[in-house]
Amino acid sequence: MPSVTRPDPTAKLVLGLGCERNTEPGEVIALAERALADAGAEKSDVAFVASLDARAEEPAIHAAGRHFCVPVRFFNAATLEAEAARLQNPSEIVFAHTGCHGVAEGAALAGAGRDAVLLVPKIRSAGATAAIAGPRPCAGGYRIETAAPGPV
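Nothing here was measured: the structure is a model prediction, and the numbers come from that model.

Q: Residue-level account of helix α2 (residues 59-68), with values.
A: Along α2, the residues that are buried comprise A60, I61, A63, A64, G65 and F68. Positioned one or two residues after α2, C69 has a phi angle of 60°, which is positive.

Written out as structure tokens, the structure is:
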């Protein structure tokens, strides 16, 4: 079971979201809350929600922004594809549909900047994906530790 250290309260996180068309807002919000819990973060740690511009009219993405009381930013597929080398879960299927190898992870990284890292790689529900990016882990910052199997 991973042990999560609470994020630095001065650092802001970017919540990357993707979803199928007409996904219920409650599903997206619940997944986003799960991603925050996985990061050991709180609602106030989110700077903004980010997604693919093809989802700019998607009510569930905007509902997540309202839920966290933050703006929503959208990036084009080329901007998200520029993050492909930093994705932990690239998908050829997503690329075939969107022109980028990852929506949630790509949007989180694009929004958080070139020095950011994925703090929570893509998690998914039936119709949505979420990821969180933020500052590179450092002493007192974000850190997820897992016990290695067997003797060290």
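Q: Explain the pattern of salt bridges residue by residue, including any values.
A: Within the structure shown, the criterion is met by two salt bridges. Among the ionic pairs, E58 bridges to R21, the shortest N-O distance being 3.9 Å. Remark: R21 occurs in the loop between β2 (13-19) and α1 (25-39) and E58 occurs in the loop between β3 (46-52) and α2; sequence separation between them is 37 residues. Here R86 and E83 are joined by a salt bridge, their closest N and O atoms 2.7 Å apart. Of the residues examined, R86 reaches a relative accessible area of 28% and is grouped as partly exposed.

Q: Got a sec to walk through the packing of α1 against α2? Specific residues and values, please.
A: Their axes nearest at 8 Å, the elements α1 and α2 cross at an angle of 50°. Taken together, the axis directions place α1 and α2 in an arrangement best described as oblique. As for the relative orientation of α1 and α2, their crossing is right-handed in sense. Touching P25, V28, I29, A32, E33 and L36 of α1 are A60, A63, A64, H67 and F68, all from α2.

Q: Describe the sheet that holds β3, listing the residues and the values that go with them.
A: Backbone-to-backbone hydrogen bonds pair the strands of a sheet. The strands run either parallel or antiparallel. If you trace the five strands from one edge of the open sheet to the other, you get β4-β3-β2-β6-β5, paired in mixed fashion. Of all the strands in the sheet, the pair left with one neighbour each is β4 (72-75) and β5 (117-124). Each strand of the sheet is rotated relative to its neighbour by a mean of 25°, with strand direction disregarded. Pairing analysis gives five bridges linking β5 to strand β6 (residues 128-134), with the strands arranged antiparallel. Residue pairing across strands places I123 opposite A130, the latter belonging to β6. Across the sheet, helix α5 (residues 104-112) lies against β2, β3, β4, β5 and β6, angled at about 25° from β6, the strand it touches most.

Reading guide: rules and limits
Residues numbered from 1 in each chain as written. Predicted model: local features only at pLDDT ≥ 70, side-chain atom pairs only at ≥ 80, totals over all residues. Heavy atoms only, no water. Buried < 20%, exposed > 50% of the residue type's maximum accessible area, 1.4 Å probe, protein only. Helix = DSSP H or I, 4+ residues; strand = E, 2+ residues; numbered from the N terminus. Salt bridge = Lys/Arg side-chain N within 4 Å of Asp/Glu carboxyl O. Axes fitted to C-alpha atoms, helices over the stretch in contact; angles between N-to-C directions. Parallel < 35°, antiparallel > 145°, perpendicular 65-115°, else oblique. Left-handed = near helix turned anticlockwise from the far one by under 90°. Contact = heavy atoms within 4.5 Å. Pairing = 2+ DSSP bridges.

Any link to function would need more than the numbers given here.
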